[in-house]
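# Fold and contact review
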Amino acid sequence: MDVGQVVGGNLRRLRTAAGVSLADLAAAGGISKTTLHGIELGQANPTLSTLWALATALKVPLGELLEAPASAVEVVRSTDDRPRVEGDAVAARLLHRIRIRGTVEVYDIEVAATAQHSDAHLSGVEECVVVTDGRVTTGPADAATDLDAGDSIRFDAARPHVYEGHGPRNRALLLMLHPEP
């Protein structure tokens, strides 16, 4: 997907979610309604100043317009090239960015070599699993993924999902993300 299409889709999604009309956002961004419509259709090449004005009018960071929307399931393999920063004592590799207002629960889990089928959680709940030892199959029941140590997955837990270990020792960190009610 090219940048124009990403920006257009994000702009339309954010404008609709904010309940702002095309005319009102165009006025707030200082552009014509026709120009804004072209941007939303992915047929325009807006300037940085136009994007800043629209992001400001929508009260979102500029990155919300520029970044392609995340898929419902995001798998990161231990060998994937991901953003990395290093300090004197700590090296950090970005696995997932998860936006949430609410509560994050962090669990150290052991996964036995048998299958566990979990019912859907409340709407908006996400799970992020980072395998630390062994091999685990997890994710939505209709799209479960095999993960090795160092791999991770983020998925919508408001769908039925599964956990299954392979071998005698399978451990992972589980982050359960609960939005504010």
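Keep in mind that what you see is a predicted model, and the values were worked out from it rather than measured.

Attention now moves to the nonpolar core. With 15 residues, the main nonpolar core has Leu11, Leu25, Ile31, Leu36, Ile39, Leu54 and Leu65 as its most contacted residues. Of all the secondary structure elements, the ones that give two or more residues to this core are α1 (3-18), α2 (22-29), α3 (33-40) and α4 (48-58). Sorting elements by how many residues they give to this core places α4 first, with 4 residues. Ignoring any residue separated from it by four or fewer positions in sequence, one finds Ile39 in contact with Gly4, Val7, Gly8, Leu11, Ile31, Ala44, Pro46, Thr50 and Leu54. With 14 residues, the next largest nonpolar core counts Val129, Val131, Val136 and Ala172 among its residues.

The next point concerns the environment of Asp156. Checked against the element boundaries, Asp156 lands in strand β8 (residues 152-156). Each C-alpha atom of the pair Asp156 and Cys128 lies 9.1 Å from the other, and the pair is 28 residues apart in sequence. A polar contact of 2.8 Å, which involves the side chain of Asp156, links it to the backbone nitrogen of Ala158.

A few words on the confidence of the model for the protein chain. For the protein chain, mean pLDDT is 90; residues scoring 70 or higher make up 98% of the total. Averaged over each element, pLDDT in the protein chain is lowest for strand β3 (residues 91-93) (80) and highest for strand β7 (residues 145-148) (97).

Opposite charge on two side chains allows them to pair when their charged atoms are near. Counted according to the given criterion, the structure contains 10 salt bridges. The partner of Glu110 in a salt bridge is Arg171, with the nearest N and O atoms 2.9 Å apart. With a gap of 61 residues between them, Glu110 in strand β4 (residues 102-110) and Arg171 in strand β9 (residues 161-179) connect regions that are remote in the sequence. Between Arg169 and Asp133 there is a salt bridge, with the nearest N and O atoms lying 2.9 Å from each other. Residue Arg169 is found in strand β9, and its partner Asp133 is found in strand β6 (residues 126-140); the two are separated by 36 residues along the sequence. Overlapping salt bridges, with partners in common, bring together Glu74, Glu126 and Arg154 in one network.

With phi around 60°, Lys59 is a residue other than glycine that occupies positive phi space. With respect to the element layout, Lys59 can be found in the loop between α4 and α5 (63-66). On the basis of relative accessibility, which here comes to 75%, the residue Lys59 falls in the exposed class.

Quick look at the packing of α2 against α3 now. Orientation of α2 relative to α3, taken along the N-to-C sense of each, is 105°, at an axis distance of 9 Å. The angle between α2 and α3 falls in the class roughly perpendicular. For the pair α2 and α3, contact is made by Leu22, Ala23, Leu25 and Ala26 and by Lys33, Leu36, His37 and Glu40, respectively. Split into classes, the residues belonging to the contact of α2 with α3 amount to 5 nonpolar, 1 polar and 2 charged.

Attention now moves to α4. Among the residues making up α4, those that are buried are Thr50, Leu51, Leu54, Ala55 and Leu58. Looking down the long axis of α4, one finds its buried residues gathered within 130° of arc, a one-sided arrangement. Residues of α4 that are exposed and point more than 90 degrees away from the buried face comprise Leu48, Ser49 and Thr56. Structurally, α4 contributes buried residues whose contacts are with α1, α2, α3 and α5. Residue Lys59 follows α4 closely and has a positive phi angle near 60°.

Reading guide: rules and limits
- Residues numbered from 1 in each chain as written.
- Predicted model: local features only at pLDDT ≥ 70, side-chain atom pairs only at ≥ 80, totals over all residues.
- Heavy atoms only, no water.
- Core = buried A, V, L, I, M, F, W, Y, C linked by side-chain atoms within 4.5 Å.
- Buried < 20%, exposed > 50% of the residue type's maximum accessible area, 1.4 Å probe, protein only.
- Helix = DSSP H or I, 4+ residues; strand = E, 2+ residues; numbered from the N terminus.
- Contact = heavy atoms within 4.5 Å.
- Polar contact = N/O pair within 3.5 Å; in protein donor to acceptor, adjacent residues only side chain to side chain.
- pLDDT = per-residue confidence, 0-100.
- Salt bridge = Lys/Arg side-chain N within 4 Å of Asp/Glu carboxyl O.
- Axes fitted to C-alpha atoms, helices over the stretch in contact; angles between N-to-C directions.
- Parallel < 35°, antiparallel > 145°, perpendicular 65-115°, else oblique.
- Nonpolar A, V, L, I, M, F, W, Y, C, P; charged D, E, K, R; others polar.
- Arc of directions from axis to C-beta.

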